[in-house]
Amino acid sequence: MSAIIQRIDFGQARKLRLQGVKDGQILTGPQTVHIDLANGCNTNCTTCWDHSPLLTLARTIEWKRKQFDFQAFSLLAADLASMNSVEAVILSGMGDPFVNPAIYQIIEVCKNYGWHVTLLTNALLANPEKILSLKVDMMLISVNGVSPKSYTAFHPNLRQSDFDRLCHLLEAFAWAGKRFKHVQVINRDTASELVEMIRFANKYNAKSITYKLASLGHGTELCAITEEQRSQLLTDLIPIAHQEAKKLKIETNLDVFREQVTAGGLATAPIKDVGCFMGWNYSRITVEGKILFCCSTEVEVGHLAQGKFSEQWYGKEWQEVREKLMQGRYYPSCAQCGKLNQNVKIGQKIKEKFGEEIYLLRTGRGKNSEAKNSQNL
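J.: Even after reading the chapter, I still don't get the overall build of the protein, so can you show me in this structure?
T.: Across its full length, the protein holds 16 helices and ten strands. Radius of gyration (C-alpha) of the protein: 20 Å, near the 21 Å computed for a compact globule of 377 residues. Along the three orthogonal principal directions, the C-alpha set of the protein runs to about 50 × 50 × 45 Å. By the burial criterion, 54% of the 377 residues in the protein qualify as buried. Once the 45 positive and 38 negative side-chain charges of the protein are each reduced to a mean point, those two points are 4 Å apart.

J.: Can you walk me through the sheet that holds strand 1 (residues 32-38) in this structure?
T.: Sheets are built from strands that pair by backbone hydrogen bonding, the pairs being arranged parallel or antiparallel. Taken in spatial order, the ten strands of this open sheet run 7-6-5-4-3-2-1-8-9-10, and their pairing is mixed. Lying at the two open borders of the sheet, with one neighbouring strand each, are strand 7 (251-252) and strand 10 (300-303). As judged from the five bridges shared by strand 5 (residues 181-186) and strand 6 (residues 208-213), these two strands associate in the parallel manner. Bridge pairing in strand 6 links His182 to Ile209. Sheet contacts for helix 8 (residues 194-203): strand 5, strand 6 and strand 7; angle to strand 6, the most-contacted strand, approximately 155 degrees.

J.: Honestly, the packing of aromatic side chains in this entry has me stumped. Any pointers?
T.: We describe a pair of aromatic rings using the distance from one ring centre to the other and the angle between the two ring planes. Here the structure, examined in full by the defined rule, presents twelve aromatic pairs. Aromatic pair Phe309 and Trp318: ring centres 5.5 Å apart, planes at 85 degrees, arrangement edge-to-face. Taking relative accessible area as the criterion, Phe309 reaches 1% and is therefore assigned buried. Aromatic rings pair up to connect Tyr151, Phe163, Phe200 and Tyr204 into one cluster. One Lys or Arg, Arg59, reaches over the ring of Trp63 and ends 4.0 Å from the middle of that ring.

J.: Would you mind going over the pairing of strand 8 (residues 282-285) with me for this structure?
T.: If a strand is regular, its side chains alternate between the two faces of the sheet. Side chains Tyr282 and Arg284 of strand 8 all project onto a buried face; the interleaved residues Ser283 and Ile285 project onto the opposite face, where all are buried too. Sheet topology places strand 1 next to strand 8; four bridges connect them, and they run parallel. Within strand 8, the position partnered with Thr32 by the bridge is Tyr282. Here strand 8 pairs with strand 9 (residues 290-292) via two bridges, running antiparallel. For Arg284, the partnering residue across the bridge sits in strand 9 and is Leu292. Hairpin geometry of strand 8 and strand 9 is characterised by an intervening segment of four residues between the two adjacent antiparallel strands and by a positive phi of about 95 degrees at Gly289.

J.: Is there a simple way to think about the nonpolar core in this case?
T.: Generally speaking, a soluble globular protein has its nonpolar side chains buried in company with each other. Leu91 and Met139 are the most contacted members of the largest nonpolar core, which totals 104 residues. Residue contacts for Leu91: discarding those within four places in its chain leaves Ile35, Leu37, Phe73, Pro97, Ile106, Ile107, Cys110, Val117, Thr118, Leu119 and Leu120.

J.: Please clarify how the confidence of the model for the protein should be interpreted in this entry.
T.: In low-pLDDT regions, the fine details of the predicted coordinates are not to be read closely. The pLDDT averaged across the protein works out to 92; a share of 94% of its residues lies at or above 70. Considering only residues more than four positions removed or in separate chains, one finds that residues 370-377, a stretch of pLDDT under 50, has 17 contacts.

J.: Looking at this model, I keep getting lost on the pattern of salt bridges. Mind explaining?
T.: Note on pairing: side chains with opposite charge can pair once their charged atoms come close. Taken as a whole and judged by the stated rule, the model has ten salt bridges. Linking Asp36 and Arg284 is a salt bridge whose minimum nitrogen-to-oxygen distance equals 3.0 Å. Here the residue Asp36 occupies a position in strand 1, and Arg284 occupies one in strand 8, the gap between them amounting to 248 residues. The burial state of Asp36 is the same as that of Arg284; both residues are buried. A salt bridge links Arg199 to Glu196; the shortest N-O distance between them is 3.0 Å. One end of the pair is Arg199 and the other is Glu196, both in helix 8 and three residues apart, which spans about a single turn. A relative accessible area of 36% places Arg199 in the partly exposed class. The exposure class assigned to Glu196 is partly exposed, which follows from its relative accessible area of 36%. The structure contains a network of salt bridges with shared partners spanning Glu196, Arg199, Glu244 and Lys247.

J.: I keep staring at unusual backbone geometry and nothing clicks. Help me out?
T.: Glycine aside, the phi torsion of most residues is negative, and most peptide linkages are trans. Even without being glycine, Ala123 reaches a positive phi, approximately 75 degrees. With respect to the secondary-structure elements, Ala123 resides in the loop between strand 3 (116-121) and helix 5 (128-133). Phi at Lys249 takes a positive value of approximately 60 degrees, unusual for a residue other than glycine. Tracing the backbone shows Lys249 in the loop between helix 9 (227-248) and strand 7.

Basis of the calculations
- The residue count restarts for each chain, going from 1 along the sequence in the order it is written.
- In view of the model being predicted, local features appear only for residues whose pLDDT reaches at least 70, and side-chain atom pairs are presented and counted only at 80 or more, with totals across whole chains, interfaces and linings using the full set of residues.
- Remark: hydrogens and water are excluded; side-chain values derive from all non-hydrogen atoms of the structure.
- Only DSSP runs of H or I reaching four residues or more are called helices, and only runs of E reaching two or more are called strands; each is numbered from the N terminus.
- Each radius of gyration is computed over the set of C-alpha atoms, and the globule rule expresses the reference value as 2.2 Å times the number of residues to the power 0.38.
- For each residue, the accessible area found with a 1.4 Å probe, counting protein chains only, is set against the maximum for its type, and the residue is called buried under 20%, exposed over 50%, and partly exposed in between.
- A positive count includes Lys and Arg, and a negative count includes Asp and Glu. His and the chain ends are not counted in either.
- For charged residues, the charge sits on one atom: NZ in Lys, CZ in Arg, CG in Asp, CD in Glu.
- Any two strands with at least two DSSP-identified bridges between them are counted as paired.
- The criterion used for residue contact is that any of the two residues' heavy atoms lie within 4.5 Å.
- All axes here are fitted lines through C-alpha atoms, helices being fitted over the stretch that makes contact, and every angle between N-to-C directions spans 0 to 180 degrees.
- Here a Phe, Tyr or Trp ring, Trp counted by its six-membered ring, pairs with any other such ring whose centre lies within 6.5 Å, and the pair is stacked when the planes are under 30 degrees apart, edge-to-face when over 60, and tilted otherwise.
- Lysine NZ or arginine CZ positioned within 6 Å of the ring centre and within 35 degrees of the ring normal marks a charge as sitting over the ring.
- As used in this record, nonpolar core signifies buried Ala, Val, Leu, Ile, Met, Phe, Trp, Tyr and Cys residues forming a set joined through side-chain atoms within 4.5 Å.
- Each residue gets a pLDDT score, which is the predictor's confidence in that residue and runs from 0 to 100.
- For this analysis, a salt bridge means a side-chain nitrogen from Lys or Arg found within 4 Å of a carboxyl oxygen belonging to Asp or Glu.

In structure tokens:
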């Protein structure tokens with residue numbers, strides 16, 4: 001497939017995006033589009049809302065077999081390219097993207113458009129040679145445990161041999177000079193390894209670690225951290241991990257993770273103190289073609305069956321959600337925001353460019369905000 005890279009002024013698109021937040025309007029397309037390629041998964045993480053053995057209501061076999069068709073993906077990619085704003089594509093799934101047999105063709109399509117390609121995956125099904133030959137930009141590798149004991153507790157269907165394979169893959173990427181990122185979801189089985197995760201990342205030359213307090217529900221609450229672990233994380237483990245990360249020069253999001261742990265209960269995101277800016281920057285598309293405002297399946301703003309993504313992005317339904325969140329009227333799932341890191345970073349840019357007053361106004365906390373009497377989280 002020949003390259004079809006177009007020269008686009010992404011700098012101008014970024015300026016328009018920030019200006020759009022200031023104005024409360026949409027002036028350009030998204031920067032990042034997240035596309036699910038498969039519902040099925042080769043693991044059954046205890047924290048997963050789709051595949052955990054702890055779920056009170058399991059997903060159907062029919063649902064798990066659904067995958068994003070290659071031809072449909074090609075049409076979507078052409079539409080996204082026409083928006084002259086998309087810089088990056090995230091490929092993942094409600095399961096794992098490597099379950100989709102067309103994964104390498106799909107990566108090639110994305111690279112031919114010149115997009116930065118990120119894969120969210122447990123990596124166990126990945127072919128490292130193909131990943132390297134296709135020049136995948138980033139892999140967010142869902143590790144979740146850095147010992148055979150914690151890894152197999154977090155993934156009950158896996159064995160030590162699977163942990164050994166993961167380590168082999170990480171070593172292969174490190175030897176090739178690829179500094180991919182580790183994702184560590186923290187629950188009762190992995191919390192004690194917070195510091196050791198820094199050393200594990202250093203061993204395999206990871207670019208960074210993203211810590212996430214497990215977002216739980218529908219039965220998975222059974223694997224939540226205990227209050228004793230919460231206290232230990234806040235008083236001991238997070239400060240020690242900070243020191244270890246500084247010593248080994250490993251980038252982390254420990255400051256944001258601390259906020260997640262501090263939130264208490266099952267909440268993982270102090271969203272009313274951060275705000276949501278995903279409506280200007282990001283969208284997720286499911287295997288079924290549902291268009292999501294963010295990574296939450298609760299906030300659906302369209303469907304590919306209703307028309308082109310590029311048209312729906314500027315539509316009434318999407319703007320109504322933006323306006324609702326600008327007023328500080330959040331959804332229940334916002335308490336477990338999966339884009340907290342990104343919202344924190346974008347919020348900081350808003351404050352730096354336009355000042356605290358605009359930032360507060362666009363997060364429902366301004367002097368004249370309609371959200372003063374709204375029911376927030």
